[in-house]
Amino acid sequence: MAAHKKPTGRRELLMVTAAGAATALWAPKAGAATPTVGQRPSVVRALERVAHPLRATDPGGRTTDLRALGRMVGSAEVVGLGEATHGSHEFFAMKERVFRHLVEEKGFTTFALEMSWTAGLRIDEYVRGGEGTARRIAEETLAGSPWEREEFVSLLAWMREHNRRRPRHRVRFMGDDVGAPGLGDRIFERVTSYVREAHPRSLPRLVELYAGLRPLDDIFAYLGKPLAERRQNAVRAERALETVTAATGTDGEAYEWAVQHARNITQTFAFAALDVTDPASVTAAEHLRDRAMADNVAWWHRRTGGKVLLSAHNGHVGFLSTHPRMYPKTQGSYLRDALGRAYLAIGFTFAGGSFLTKDTSLGGEWTKTTVPPATRGMNEHTLDRVRHRDYYVDLRTAPPAARAWLDTARPTYDAGSVFEADPLPTLALGRAYDVLVHLHRVREAEKL
């Protein structure tokens, strides 16, 4: 395992800034039990009784193997579908396959992605008939991100074609994240245009507040500004949101969208006001980010009235993170608080293969990383002994023989922008997700 070790880094936007806490975060949890050899056969047999085999991960063809997944989804209005890496073909392809099935069989209407709110608006325009091609839109909006991949070109092309064929049942796309790598100027213009029409007396004040903030084209360069300046800008963004919120007009829909756009600007500047030299401040920023992503999804769900498939890393859609000190409360936990059982979390595991990752969260190129088959003591080692190559299981109804095993934290493969294998992080699968999809092998996602 030591041969696969990467330089210290964090999974998300600014994890590199908390490198001083790396040892504590990556160390296995005290008391994490490893089952004895004698315990494993009963766990495997219990999982086999409730496992549903997958015919394929790529979209297209029959979906009868997903019918049981549809029953697990049940009446859920928002379904979080994770990924154990930010760079595996099977995870990305499976998201399109599951989304198609949920659209066609369960009436889902939105694909939400862990990406910039403003970039999501641009993609939404395209899938609903706007100018461009799927490839050009992907290059424009996903550049540099984990999702600048052929698999997402395929998803956007399918969404566009679905809307052409079924104009009465159109699907939409949203980005639920703060403005990274940038907000751009268009979102500011959307807010000021609304206030100009609905409440012109408030416009001078809004223009004054936004003057030093717009545009925000590169949040990473912005983090190089003095901390005091960034914190003052966060206050200005908050005051601008208050100004927009008070600017009610006759068009209720336009008002709601303007406030939401202003809210995302505020979320972004609040996130970017962290002290990159203080691990506690970085953690607070990531905490704010998960809450903001959940709030944005919940807003979209209320505003559109449609069902949402939420795509993000396992650590954002689930109820536990492999790095609890960095992510004390996840987006999935916030959504469960807001929606109750109307939110369902689906996690992914894999027993070996390749994916794309970087040496550092900030900058760098996405390159191929390969990990060996899971070893004894890992979650995936036991999961991979189930007779199906690829399968899924409802963890909420797992047999008693498997429950204690599922609720025990043990080493697991988990990679975001960066990957560290020595030591591996730990996770209790049964406490992290409602449903688990296990894949035998994965390969790296396809670069554009």
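Residues numbered from 1 in each chain as written. Predicted model: local features only at pLDDT ≥ 70, side-chain atom pairs only at ≥ 80, totals over all residues. Heavy atoms only, no water.

Student: Looking at this structure, I do not really get the nonpolar core. What am I missing?
Tutor: Taken as a class, soluble globular proteins show a tendency for nonpolar side chains to be buried jointly. Counting residues in hydrophobic clusters, the biggest one holds 60 residues, and the most contacted among them are F99, F111, M159 and F173. Here the element with the most residues in this core is helix 4 (residues 89-106); it accounts for 7 residues. Among all residues touching F173, those that are not within four sequence positions of it are F111, L113, M115, G120, I123, D124, V127, L156, M159 and W300. (Core = buried A, V, L, I, M, F, W, Y, C linked by side-chain atoms within 4.5 Å. Buried < 20%, exposed > 50% of the residue type's maximum accessible area, 1.4 Å probe, protein only. Helix = DSSP H or I, 4+ residues; strand = E, 2+ residues; numbered from the N terminus. Contact = heavy atoms within 4.5 Å.)

Student: Help me understand helix 6 (residues 134-141), please; the structure alone is not making it clear to me.
Tutor: Every α-helical turn comprises 3.6 residues, leaving residues that sit three or four positions apart pointing alike. By the burial criterion, the buried members of helix 6 are A134, I137, A138 and T141. Looking straight down helix 6, one finds that the buried residues subtend no more than 100° of arc, so they occupy a single side. Its buried side turned inward, helix 6 meets strand 3 (108-116), helix 5 (117-127) and helix 7 (150-165). (Arc of directions from axis to C-beta.)

Student: Can you help me understand the sheet that holds strand 9 (residues 391-394) in this one?
Tutor: The strands that make up a sheet are held in pairs by hydrogen bonds between backbone atoms, and each pair lies either parallel or antiparallel. Read across the sheet, 8 strands follow the order 1-9-12-6-2-5-3-4 without closing on themselves; strand pairing throughout is mixed. Two strands bound the open sheet, and with one partner strand each, they are strand 1 (52-53) and strand 4 (172-177). The strands that helix 5 touches are strand 3 and strand 4; relative to strand 4, the one it contacts most, it runs at about 175°. Here helix 7 sits on the sheet in contact with strand 3 and strand 4, set at roughly 145° to strand 3. (Pairing = 2+ DSSP bridges. Axes fitted to C-alpha atoms, helices over the stretch in contact; angles between N-to-C directions.)

Student: I tried to follow the pattern of salt bridges on my own but got confused; where do I start?
Tutor: It is possible for side chains bearing opposite charge to pair when their charged atoms get close. For the coordinates displayed, the defined rule picks out 29 salt bridges. Across the salt bridge formed by E125 and R122, the nearest N and O atoms sit 3.9 Å from each other. Of this pair, E125 and R122 are both found in helix 5, 3 residues apart, which corresponds to roughly one turn of the helix. You can call E125 partly exposed: its relative accessible area is 24%. Where E140 meets R122, a salt bridge forms, and the shortest distance between an N and an O atom there is 3.2 Å. Taken together, the residues span a long stretch of sequence, with E140 in helix 6 and R122 in helix 5 at a distance of 18 residues. We classify E140 as partly exposed; its relative accessible area is 46%. R122 gets classed as buried once you look at its relative accessible area, which sits at 15%. Within the structure, one salt-bridge network assembled from shared partners comprises R122, E125, E140, R186 and R190. (Salt bridge = Lys/Arg side-chain N within 4 Å of Asp/Glu carboxyl O.)

Student: Even after reading the chapter, I still don't get unusual backbone geometry, so can you show me in this structure?
Tutor: Excluding glycine, a negative phi dihedral is what most residues carry, and trans is how most peptide bonds are arranged. The amide bond that connects A180 to the next residue, P181, takes the cis arrangement and shows omega of 10°. As for its position among the elements, P181 is in the loop between strand 4 and helix 8 (186-198). Here the bond from R214 into P215 is cis, since omega is -10°, no more than 30 degrees from zero. Note on placement: P215 falls in the loop between helix 9 (203-210) and helix 10 (219-222).

Student: It is not clear to me how the packing of aromatic side chains should be interpreted in this structure. Could you clarify?
Tutor: Think of a pair of aromatic rings as described by two things: how far the centres are apart, and how the planes are tilted against each other in angle. Summed over the entire model, instances satisfying the criterion amount to 19 aromatic pairs. With 5.4 Å between their ring centres and 80° between their planes, F99 and F111 make a pair best called edge-to-face. Of the two residues, F99 sits in helix 4 while F111 sits in strand 3, which places them 12 residues apart along the sequence. An identical accessibility class is assigned to F99 and F111; each is buried. (Phe/Tyr/Trp six-rings, centres within 6.5 Å; stacked < 30°, edge-to-face > 60°.)

Student: It is not clear to me how the pairing of strand 12 (residues 435-439) should be interpreted in this structure. Could you clarify?
Tutor: For a regular strand, side chains alternate in direction, first toward one face of the sheet and then toward the other. Within strand 12, 5 of the 5 residues are buried, leaving the element largely enclosed by the surrounding structure. Alternating positions in strand 12 separate into two faces, V435, V437 and L439 on one and L436 and H438 on the other, with burial throughout. For strand 6 (residues 343-350) and strand 12, the ladder comprises 5 bridges, and the chain directions are parallel. Residue F348 lies in a different strand from strand 12, and its bridge partner there is V437. Judged from the 4 bridges that link them, strand 9 and strand 12 form a sheet pairing that is antiparallel. Among the inter-strand pairings, Y392 is bridged to a residue of strand 12, identified as V437.

Student: Can you help me understand the environment of T133 in this one?
Tutor: As for its position among the elements, T133 is in the loop between helix 5 and helix 6. In sequence terms T133 and D414 are 281 residues apart; their C-alpha atoms lie 33 Å from each other. At 3.1 Å, the side chain of T133 and the backbone nitrogen of R136 are in polar contact. (Polar contact = N/O pair within 3.5 Å; in protein donor to acceptor, adjacent residues only side chain to side chain.)

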